[in-house]
Amino acid sequence: FDMIWDCTFLCAIDPSVRERWAEQMRSLLAPRGELLTCVFPIGDREGGPPYAMSVPLVRSLLEPCGFHAAAVRDDLPLEEQHRRPGDELNSVLTRGTALISWRQA
């Protein structure tokens, strides 16, 4: 694929298979392709899904598979952070969102 959009998929899978997710992204993405990840929910939380995410966590999964972060937006205004349709804007105050564009090295 030339582009893969992971919109909160990673936070839904069991932590024990996260490395397989990263390897699968590498195998599916074309050499000059782009992986766009919506990292959510950022913050402290127990259990899941959704499981707690962070930018360093996603880096630790994708960088060993040969990805590098081409762009990181971890300072999104409230209006641009991930939330379900119908959720009030203040629902994002306790869980952050980051968008990261990844390329294969």
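Starting afresh in each chain, residues are numbered from 1 along the sequence in its written order. Given that this is a predicted model, residues contribute local features only at a pLDDT of at least 70 and side-chain atom pairs are listed and counted only at 80 or more, while totals for whole chains, interfaces and linings are drawn from all residues. The side-chain figures draw on all heavy atoms in the structure; neither hydrogens nor water molecules are used.

## Quick look at the overall build of the chain
Going by this rule: Put simply, DSSP H or I for four residues or longer makes a helix, DSSP E for two residues or longer makes a strand, and each gets a number counted from the N terminus. Think of it in three bands: with a 1.4 Å probe and only protein chains considered, a residue is buried below 20% of the maximum accessible area for its type, exposed above 50%, and partly exposed in between. Residue contacts are counted whenever heavy atoms from the two residues lie within 4.5 Å of one another. Residue-level accessible areas treat just the shown protein chains as cover; the underlying method is Shrake-Rupley with a 1.4 Å probe.
In terms of helices and strands, the chain carries 2 helices and 4 strands. Order of helices (α) and strands (β) in the chain, N terminus to C terminus: β-α-β-α-β-β. Buried positions account for 36% of the 105 residues belonging to the chain. Put simply, of all contacts in the chain between residues at least 6 apart along the chain, 74% involve residues at least 24 apart. By element, 52% of the accessible surface of the chain is carried by carbon and sulfur atoms, the whole surface being about 6,300 Å².

## Considerations on helix 2 (residues 55-62)
Defined as follows: Directions pointing from the helix axis toward each C-beta atom define the arc.
Burial in helix 2 covers these residues: Val55, Val58, Leu61 and Leu62. The buried residues of helix 2 occupy an angular sector of 125 degrees when the element is viewed end-on, so they sit on one face. Its buried side turned inward, helix 2 meets helix 1 (18-28), strand 2 (34-42), strand 3 (67-73) and strand 4 (96-104).

## Thoughts on the nonpolar core
Soluble, globular proteins show a tendency: their nonpolar side chains are buried together. For clarity, the threshold we go by: Residues grouped as a nonpolar core are buried Ala, Val, Leu, Ile, Met, Phe, Trp, Tyr and Cys residues, joined through side-chain atoms within 4.5 Å.
Counting 20 residues, the largest nonpolar core has Leu10, Trp21, Leu35, Leu62, Phe67 and Trp102 as its most contacted members. At the level of elements, helix 1, strand 2, helix 2 and strand 4 are the ones that each hand at least two residues to this core. Ranked by residue count, the leading element in this core is helix 2, at 4 residues. The residues contacting leucine 62, other than those within four sequence positions of it, are Trp21, Ala22, Leu35, Phe67 and Trp102.

## Topic: the sheet that holds strand 1 (residues 3-7)
Which entries qualify depends on this criterion: Following DSSP output, two strands are said to pair if at least two bridges run between them. The axes used here are C-alpha line fits, helices contributing only the stretch in contact, and every angle between their N-to-C directions lies in the interval 0 to 180 degrees.
As summarised here, the arrangement of the 4 strands in space is 1-2-4-3, forming an open sheet in which the pairing is mixed. Two strands lie at the open edges of the sheet, namely strand 1 and strand 3, each paired on one side alone. Sheet twist, expressed as the average angle between the axes of neighbouring strands with direction ignored, equals 20 degrees. Across 6 bridges, the pairing between strand 3 and strand 4 is antiparallel. When the sheet's bridge partners are listed, valine 72 is paired in strand 4 with isoleucine 100.

## Some words on the state of the cysteines
Working definition: the covalent bond between the sulfur atoms of two cysteines is a disulfide. Stated formally: The disulfide definition used here is simple: a pair of cysteine sulfur atoms within 2.5 Å.
On inspection of all chains with the given rule, the structure shows 0 disulfides. Cysteine cysteine 11 is unpaired, with the sulfur of cysteine 38 as its nearest cysteine sulfur at 8.3 Å. Unpaired in terms of disulfides, cysteine 38 finds its nearest cysteine sulfur in cysteine 7, a separation of 4.7 Å. On the basis of relative accessible area, cysteine 38 is assigned to the buried category, the value being 8%.

## A closer look at the packing of helix 1 against helix 2
For the record, the criterion: Handedness of a crossing is defined here by the sense of rotation of the near helix relative to the far one, left-handed for an anticlockwise turn of less than a right angle and right-handed for a clockwise turn. Gly is put with the polar residues, along with every residue not named as nonpolar or charged; the nonpolar set is Ala, Val, Leu, Ile, Met, Phe, Trp, Tyr, Cys and Pro, and the charged set is Asp, Glu, Lys and Arg.
Remark: helix 1 packs on helix 2, axes separated minimally by 9 Å, with the N-to-C direction vectors making an angle of 60 degrees. For the pair helix 1 and helix 2, the crossing hand works out as right-handed. Of the residues in helix 2, those touching helix 1 at Arg18, Glu19, Trp21 and Ala22 are Leu57, Leu61 and Leu62. Per-class residue counts for the contact of helix 1 with helix 2 are 5 nonpolar, no polar and 2 charged.

## Notes on the side chain of serine 101
Among the structural elements, serine 101 can be located in strand 4. Among all residues touching serine 101, those that are not within four sequence positions of it are Glu34, Leu35, Leu36, His68, Ala69, Ala70 and Ala71.

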